[in-house]
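Now for the letters of each chain:
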Amino acid sequence: MKMLKVMLVAAMLTVMLSGCGECNHQWLPADCQTPKTCYHCGLTEGEPNDKHLWEDATTERPKTCSVCGKTEGDIIDADERFTTAACKDLFGNWQAKYEIPADRLSMADLTMQMRITYTFYNDGEVRIEVEVMNVSNLTDQVAQRLSQIMYDQYSQQGMTQAQADAACMELHGQTVQAFCQQRAKTVVDVMDSVEEKVYYVEEGVLYIGDDWGSSFQSYEFRMDENGKMEMDDEQLEQTLEFVRMATATK
């Protein structure tokens with residue numbers, strides 16, 4: 001499930017390292033409060049528009065724009081899908097450990113040891129927490145790698161490190177190392193994450209969504225004879241083995 005975040009990290013690493021000279025604008029679309037904006041340099045074009053970023057209605061709030069907070073319609077009733085005995089069998093904390101190899105992250109010699117924890121509550125909510133386990137100074141290591149790549153790119157343009165820092169200062173207002181340190185924190189924040197979702201279970205399939213009014217992603221799972229839960233993750237190309245840690249209720 002979390003391979004989407006890994007793919008996002010890889011994309012971020014590529015975007016962060018582009019535009020070292022003249023800015024190669026990467027445009028974020030306008031929304032109801034912000035005009036079209038360049039991801040790299042912050043340049044804007046045009047004006048905000050009436051395109052709201054709607055989040056579906058839930059049992060606690062109506063349809064809501066995540067940008068400006070505008071609402072439409074009413075809240076929804078509690079979802080009857082969260083009524084089966086299979087849902088109740090999952091109540092509690094489940095943890096799995098897995099690895100993401102360096103080639104997935106474009107980070108030489110740095111294999112991520114990850115831990116994912118699902119906490120299934122008795123009201124249909126699930127908390128999903130992902131943690132990097134083995135790298136205490138991950139931000140510094142990512143920043144060092146980004147800095148090396150940026151200096152190499154500037155060197156190919158015939159610049160010394162001092163000239164590269166001056167060019168980066170002119171473009172981003174920071175030296176190469178400071179710029180990469182800031183971007184590295186963004187990468188690490190993507191790797192470590194906590195999400196609050198809702199869930200239900202039907203016939204050996206776990207369904208997880210943002211709220212009861214949204215679409216749900218499905219994950220086939222199975223329980224082995226020792227009470228462990230196995231879930232195949234096609235994106236990670238691994239079978240995750242979850243162990244029940246404790247019960248959890250609200």
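Our subject is the structure listed above.
For the structure given in this document, a descriptive report is provided here. Just so it is clear, the structure is predicted and the values come from calculations on it, not from any experiment.

Looking only at helices and strands, one finds 6 helices and 14 strands in the protein chain. Going through the 250 residues of the protein chain one by one, you find that 38% of them count as buried. Taking the intrachain contacts of the protein chain between residues at least 6 apart in sequence as the baseline, contacts between residues at least 24 apart amount to 48%.

So, on to the sheet that holds strand β2 (residues 36–38). Reading across from one edge, β1-β2-β3 is the order of the 3 strands in this open sheet, with antiparallel pairing throughout. Strands at the two margins of the open sheet, each flanked by one partner only, are β1 (27–28) and β3 (44–45). With 2 bridges joining them, β1 and β2 adopt antiparallel strand pairing. Residue pairing across strands places W27 opposite C38, the latter belonging to β2.

In this section: the nonpolar core. Across soluble globular proteins, nonpolar side chains have a tendency to be buried as a group. Counting 48 residues, the largest nonpolar core has Y199, L206 and F242 as its most contacted members. Apart from residues lying up to four places away in sequence, Y199 is in contact with F82, C87, F91, F120, Y121, G124, E125, V126, L206, Y207, I208 and W212.

On to the packing of aromatic side chains, then. Counted according to the given criterion, the structure contains 6 aromatic pairs. Ring geometry for Y200 and Y207: centres 4.7 Å apart, planes at 10 degrees, overall stacked. A connected cluster of aromatic rings, assembled from ring pairs, spans Y118, F120, Y199 and F242. In this structure, K63 is placed above the aromatic ring of W54, and the distance from its NZ or CZ to the ring centre is 4.8 Å.

Turning our eyes to something else, we now look at the sheet that holds strand β7 (residues 92–100). In sheet architecture, strand pairing relies on hydrogen bonds along the backbone and comes in two forms, parallel and antiparallel. Here 8 strands make up a closed barrel; going around it, the order is β7-β8-β9-β10-β11-β12-β13-β14 and the pairing antiparallel. The average angle at which neighbouring strand axes cross in this sheet is 35 degrees, direction not considered. Sheet topology note: the strand β9 (residues 125–132)/strand β10 (residues 193–202) ladder contains 6 bridges and is antiparallel. Across the sheet, residue E129 finds its bridge partner in β10, namely V194.

An ideal rise of 1.5 Å per residue puts 22 Å on 16 residues; helix α6 (residues 176–191) measures up with 23 Å between its terminal C-alpha atoms. Residues V176, F179, C180, R183, A184, V187, V188, V190 and M191 constitute the buried set of α6.

Moving on, we get to the environment of H25. Positionally, H25 belongs in the loop between α1 (3–16) and β1. The class for H25 is partly exposed, based on a relative accessible area of 31%. A sequence separation of 13 residues divides H25 from C38, and the C-alpha atoms of the two residues are 5.5 Å apart. In this structure, H25 is in contact with C38, C41 and L43, ignoring residues within four places of it in sequence.

As paired strands, β7 and strand β14 (residues 238–246) are joined by 3 bridges and run antiparallel to one another. Note that in β14 the partner of N93 across the bridge is A246. Two elements, strand β13 (residues 229–233) and β14, share 5 bridges in a ladder whose sense is antiparallel. Counterpart to D233 in the pairing with β14 is Q238.

Calculation criteria
Residues numbered from 1 in each chain as written. Predicted model: local features only at pLDDT ≥ 70, side-chain atom pairs only at ≥ 80, totals over all residues. Heavy atoms only, no water. Helix = DSSP H or I, 4+ residues; strand = E, 2+ residues; numbered from the N terminus. Buried < 20%, exposed > 50% of the residue type's maximum accessible area, 1.4 Å probe, protein only. Contact = heavy atoms within 4.5 Å. Pairing = 2+ DSSP bridges. Core = buried A, V, L, I, M, F, W, Y, C linked by side-chain atoms within 4.5 Å. Phe/Tyr/Trp six-rings, centres within 6.5 Å; stacked < 30°, edge-to-face > 60°. Lys NZ or Arg CZ within 6 Å of the ring centre and 35° of its normal. Axes fitted to C-alpha atoms, helices over the stretch in contact; angles between N-to-C directions. Expected span 1.5 Å × (residues − 1).

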